[in-house]
Amino acid sequence: MGLINDKLTQGYIWALSRLNSLLHDDNGDTNFISIAIVTAIVVVLAGIFLALGQEGLNAVKDKVMDFING
């Protein structure tokens, strides 16, 4: 039983130290912020393309059909 308690205590201390370092260390914050900004830009661009995409496709289709039909 002592070995199990020792392993549980070691695991608890390890998890607590990792959580503490995650909450208080600044390493990696810049990359996280950059990823969040790039993700937001991609989502906004995707929304714009979804909103205007059908109109753009219809315009291109009309021009191609006009060209084909003469």
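See above for the structure.
The structure presented is a predicted model; accordingly, all values stated were derived computationally and were not measured.

A.B. asks: Describe the overall build of the protein chain, naming the residues involved and giving the relevant values.
C.D. replies: A tally of regular secondary structure across the protein chain gives 2 helices and 0 strands. Against the compact-globule benchmark of 11 Å for 70 residues, the protein chain has a radius of gyration of 27 Å, which places it well outside the compact range. Principal-axis analysis of the C-alpha atoms gives the protein chain an extent of 90 × 30 × 15 Å. Scored against the burial criterion, the 70 residues of the protein chain give a buried share of 0%. Approximately 6,600 Å² of the protein chain is accessible, and the part contributed by carbon and sulfur atoms is 70%. Here the protein chain contributes 4 positive and 7 negative side-chain charges, whose respective centroids are spaced 8 Å apart.

A.B. asks: Explain the environment of Asp-6 to me, and be specific about the residues and the numbers.
C.D. replies: By the secondary structure assignment, Asp-6 is in helix H1 (residues 2–24). Along the primary structure Asp-6 and Val-44 are separated by 38 residues, whereas in three dimensions their C-alpha atoms are 51 Å apart.

A.B. asks: Could you give me a rundown of the environment of Gly-11, with the residues and numbers involved?
C.D. replies: Structurally, the position occupied by Gly-11 is in helix H1. Spatially, the C-alpha atoms of Gly-11 and Val-44 are 42 Å apart, while their sequence positions differ by 33 residues.

The rules behind the values
- Residues numbered from 1 in each chain as written.
- Predicted model: local features only at pLDDT ≥ 70, side-chain atom pairs only at ≥ 80, totals over all residues.
- Heavy atoms only, no water.
- Helix = DSSP H or I, 4+ residues; strand = E, 2+ residues; numbered from the N terminus.
- Rg over C-alpha atoms; globule rule 2.2 N^0.38 Å.
- Buried < 20%, exposed > 50% of the residue type's maximum accessible area, 1.4 Å probe, protein only.
- Areas by Shrake-Rupley, 256 points an atom, 1.4 Å probe, with all protein chains shown as cover.
- Lys, Arg positive; Asp, Glu negative; His and termini not counted.
- Charge placed at Lys NZ, Arg CZ, Asp CG, Glu CD.

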